[in-house]
Amino acid sequence: MKIIICGAGQVGYGIAERLAQEHNDVSVIDTEPQLIGAITETLDVRGYVGHGAHPDVLARAGAEQADMLIAVTLHDEINMVACQVAHSLFNVPVKIARIRAQNYLQPQYSNLFSRENMPIDVTISPEIEVGKTVLRRISFPGANDIVRFAEDEIAMVAIECLEDCPVLATPLQQLSQLFPDLKATVTGICRKGKLFVPRSTDQLQAGDEAFVICCRDHVRRTLSLFGHEEQEARRIVIAGGGNIGYFVAKTIEELQPNTRIKIIEHGRERATQIADQLKQTIVLHGSALDQNILHQADVENADLMLSVTNNDQTNILGALMAKRLGCPTNLALINGSSFQDMAEAVGIDAHINPRAVTVSRILQHVRKGRIRSVYSLEKGAAEVIEADALETSPLVGRPFRDLELPEGIRIGAIYRDKTVIRPDGNTKIKAKDRVVLFATAAAVRHVEQLFRVSIQYF
């Protein structure tokens, strides 16, 4: 595919990196020469210095031949105009825009981005996507990560195997025998920084991170099986009252009114604004690095410190200060890869990478075949993919034991007629099934082939 990316910041770089690795023809536009220099020196992409919404710049980048435009600059209006120009002048088939201002995304304005008005095929709000990720992590303490697929009926759960994990040293095939009614499959393991698809005879070791695909209703039981029985947080302190912090607090107010929330917001005007909009949440004006403010928030008696400001250092230090004052658990938003690598070592219990969340959201619209959802893992080392099986798919109609899946792929669950099926050797995939699977980065192209629409389908 020929793809143009407007914006060479963290998100644009992350998308370009993934697409270039998969041998797409990628062009990147940005107004900053140093960003274009950095991206062209490290990735196999073309770089163009210029304004992503200007017709002449898009023309130089090859918009006339482009299959897709992805606009992820820091400015919503540039992203929107870039999509409009790509549609009106170059007839680019697919346009994706990152939209951060929530004013554009309010339900009453949902027709704004229709083909008749401003033709954007997919709008992505990073703050909302990250906020949803935070809420999932809060709902299932003990999970390092959790993502839902198939109308929220199937989940991928990343679980750390601690020293006292009950299923250590047990061949994975025996887990199915020991718990025959548990709809859960270990599809991937990250061990000492190396991610791989396990064989049925492999055993989990202490320190492993297991990627389990399971029925939504079996998530808590799966976590318990791995020795994680942490209680859900009922007293939460949020550092940062921006779009993410506000979205999380507002959603918890609506869905879990018994949860007590306090927000620490550094900006006085923003603190006043969200205090007026939130009904039950207490908003404190001040810095999350001020110990007096943390005491006012009663952080020593909180169950969770959630740090979601725009500053990595503030998020890390605020989370660590809260833990030092007595808060047992923290969750921090961390953008910088160097900070992510050191987070666990310094005492961060869990962190969220907003760039990875946004890149995953965009990738599902880039993937070929009948791909519904994509979630990127371990800095792009693997993906969890949800795809539709068509009559022409080589997976359809054959027992699992006879399937010759490419190396690096493991199917975790099937969604059929609103029912979740854990596959075994006798299971046959049917046309129109939704298949949720784990694939290493090297195997993703094989997944696309397995679910690609054959010409005979027409």
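Because the structure is a prediction, the values reported are computed rather than measured.

**Some points on the pattern of salt bridges**
Move 1: Per the stated rule, a full pass over the model turns up 21 salt bridges.
Move 2: Residues R18 and E383 are paired through a salt bridge, measuring 2.3 Å at the closest nitrogen-oxygen approach. With R18 in helix 1 (residues 10-21) and E383 in strand 19 (residues 382-388), the pair connects residues that are 365 residues apart, well separated along the chain.
Move 3: The buried category is assigned to R18, whose relative accessible area is 6%.
Move 4: For E383, a relative accessible area of 0% puts it in the buried group.
Move 5: Between K250 and E254 there is a salt bridge; the shortest N-O distance is 2.7 Å. Taken together, the residues K250 and E254, both in helix 8 (residues 243-255) and four residues apart, mark about one turn of the helix.

**Quick look at the pairing of strand 19**
Move 1: With seven of seven residues buried, strand 19 is to be regarded as a mostly interior element.
Move 2: Neither face of strand 19 is exposed, since A382, V384, E386 and D388 on one face and E383, I385 and A387 on the opposite face are all buried.
Move 3: Sheet topology places strand 18 (residues 371-377) next to strand 19; six bridges connect them, and they run antiparallel. From the neighbouring strand, S373 faces strand 19, where its bridge partner is E386.
Move 4: Alignment of strand 19 against strand 22 (residues 434-440), held across seven bridges, turns out to be antiparallel. Following the sheet pairing, E383 is matched in strand 22 by A439.

**Thoughts on the packing of helix 5 (residues 126-139) against helix 13 (residues 354-363)**
Move 1: Across the interface, helix 5 lies against helix 13 with an axial gap of 9 Å and an inter-helix angle of 105°. Compared by their axis directions, helix 5 and helix 13 come out roughly perpendicular. Of the residues in helix 13, those touching helix 5 at P126, E129, V130 and T133 are P354, V357, T358 and R361.
Move 2: Here the residues of the contact of helix 5 with helix 13 sort into four nonpolar, two polar and two charged.

Calculation criteria
- Residues numbered from 1 in each chain as written.
- Predicted model: local features only at pLDDT ≥ 70, side-chain atom pairs only at ≥ 80, totals over all residues.
- Heavy atoms only, no water.
- Salt bridge = Lys/Arg side-chain N within 4 Å of Asp/Glu carboxyl O.
- Helix = DSSP H or I, 4+ residues; strand = E, 2+ residues; numbered from the N terminus.
- Buried < 20%, exposed > 50% of the residue type's maximum accessible area, 1.4 Å probe, protein only.
- Pairing = 2+ DSSP bridges.
- Axes fitted to C-alpha atoms, helices over the stretch in contact; angles between N-to-C directions.
- Parallel < 35°, antiparallel > 145°, perpendicular 65-115°, else oblique.
- Contact = heavy atoms within 4.5 Å.
- Nonpolar A, V, L, I, M, F, W, Y, C, P; charged D, E, K, R; others polar.

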